[in-house]
Amino acid sequence: MALTDQLDIVIPTIRNLDFLEQWRPFFQPYHLIIVQDGDPAKNIKVPAGFDYELHNRNDVDRALGDKAWCISYKDSACRCFGFLVSKKRYVLTIDDDCFVAKNPKNEDINALEQHTQNLLSPSTPYFFNTLYDPYREGADFVRGYPFSLREGVPTAISHGLWLNIPDYDAPTQMVKPLERNTRYVDAVMTIPKGTLFPMCGMNLAFDRFLIGPAMYFGLMGEGQPIGRYDDMWAGWCSKVICDHLGLGVKTGLPYIYHSKASNPFTNLRKEYKGIFWQEEIIPFFQQVQLSKDSTSVIACYLELADRVRAGLGHIDPYFTKVADGMVAWIQCW
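Residues numbered from 1 in each chain as written. Predicted model: local features only at pLDDT ≥ 70, side-chain atom pairs only at ≥ 80, totals over all residues. Heavy atoms only, no water.

What follows covers the overall build of the protein chain. Scanning the protein chain from terminus to terminus reveals 10 helices and 9 strands. The C-alpha radius of gyration of the protein chain comes to 19 Å, within 12% of the 20 Å expected for a compact globule of 333 residues. Counting across all 333 residues of the protein chain, residues that qualify as buried make up 53%. Put simply, 74% of the contacts in the protein chain that link residues at least 6 apart link residues at least 24 apart. Put simply, the protein chain shows about 14900 Å² of open surface, and 52% of that area lies on carbon and sulfur atoms. Counting 33 positive and 39 negative side-chain charges, the protein chain places the averaged centre of each group 1 Å from the other. (Helix = DSSP H or I, 4+ residues; strand = E, 2+ residues; numbered from the N terminus. Rg over C-alpha atoms; globule rule 2.2 N^0.38 Å. Buried < 20%, exposed > 50% of the residue type's maximum accessible area, 1.4 Å probe, protein only. Contact = heavy atoms within 4.5 Å. Areas by Shrake-Rupley, 256 points an atom, 1.4 Å probe, with all protein chains shown as cover. Lys, Arg positive; Asp, Glu negative; His and termini not counted. Charge placed at Lys NZ, Arg CZ, Asp CG, Glu CD.)

Dropping the structure here:
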């Protein structure tokens, strides 16, 4: 099912978008929201024939005024501005070093189509189906699956994967510099309730109406003590809220081809505090319980901001600033 009038594609970038040529058969019918990071004076070239709007830091400052600081600078977390700009129900966000992948039959994978299928079919977070997504063609609920749970719940997030360059952290990159992912696993599964996951923003789709206010990629990049945890932060927050509100998160298909490995030494400088901090951050998100009074995503997110301030502020003053950013983000939403 095509969602051309219901879905925007958000792309953060610092370079010319030649990569769109390969995506033309799939992306051209859709509206693109391009968020230019870095120097706003730089001219970004977009191939002809695409319907797009391009925003740079000057646009962020004009639109958000004294709250513009909540949008990260010199980091792919700047894509959040595109989530604010979009008024469509669905958003696909993809990085500019991601290309069309091939399935085992050597056919081009239409990532957009698969994300759409994921979002438009229910999730099953309360009981694991051993044939994975029971709503896919050729699958169903297995023997022993409770009939009372077979309607599933609405799907808020579709998390895709990558062939070629895996999404590794810096230490793993250093240990396995030549490792490439060549395994195509033909599976989509719901991440169970109560289970967190490392969300990657380079091949991601979500329902703005269901979970949009929770898709804030935090404070990263210039002026911040940490980087490369922007999508992780959004993943932890959104999964806690999905679990609380009875929404689903799927992972697996579609694959994209991730073409470029980032520099592991640069990554280590960005990540090293996060590598230590995550050992406290993740238990915090695993244990946090939102109140019954929080019945909307916005209410959940503001409550979570208070919990972050109280529960993580002792690690570093940065987390108090992140909590302030979460509140400012909701005010912008």
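On to the layout of surface pockets. A volume near 1200 Å³ is recorded for the largest pocket. Residue lining of the largest pocket: 45 residues in total, with Ser76, Asp95, Arg228, Ser262 and Asn267 positioned closest to the centre. Here the lining of the largest pocket gets 7 residues from one element, more than from any other, and that element is helix H8 (residues 264-287). A breakdown of the residues in the lining of the largest pocket according to their chemical character gives 18 nonpolar, 11 polar and 16 charged. For the second largest pocket, the calculated volume is near 390 Å³. Residue lining of the second largest pocket: 22 residues in total, with Leu161, Trp162, Thr251, Gly252 and Tyr255 positioned closest to the centre. Elements with a minimum of two residues in the lining of the second largest pocket: strand S6 (155-164), strand S7 (188-190) and strand S9 (248-258). For the lining of the second largest pocket, the class distribution of residues is 14 nonpolar, 5 polar and 3 charged. (1 Å grid on protein atoms, 1.4 Å probe; cavity = no way out; pocket = protein on both sides within 12 Å on 5 of 7 lines; lining within 4 Å. Points joined across faces, edges and corners; volume = space filled by probe spheres on them. Nonpolar A, V, L, I, M, F, W, Y, C, P; charged D, E, K, R; others polar.)

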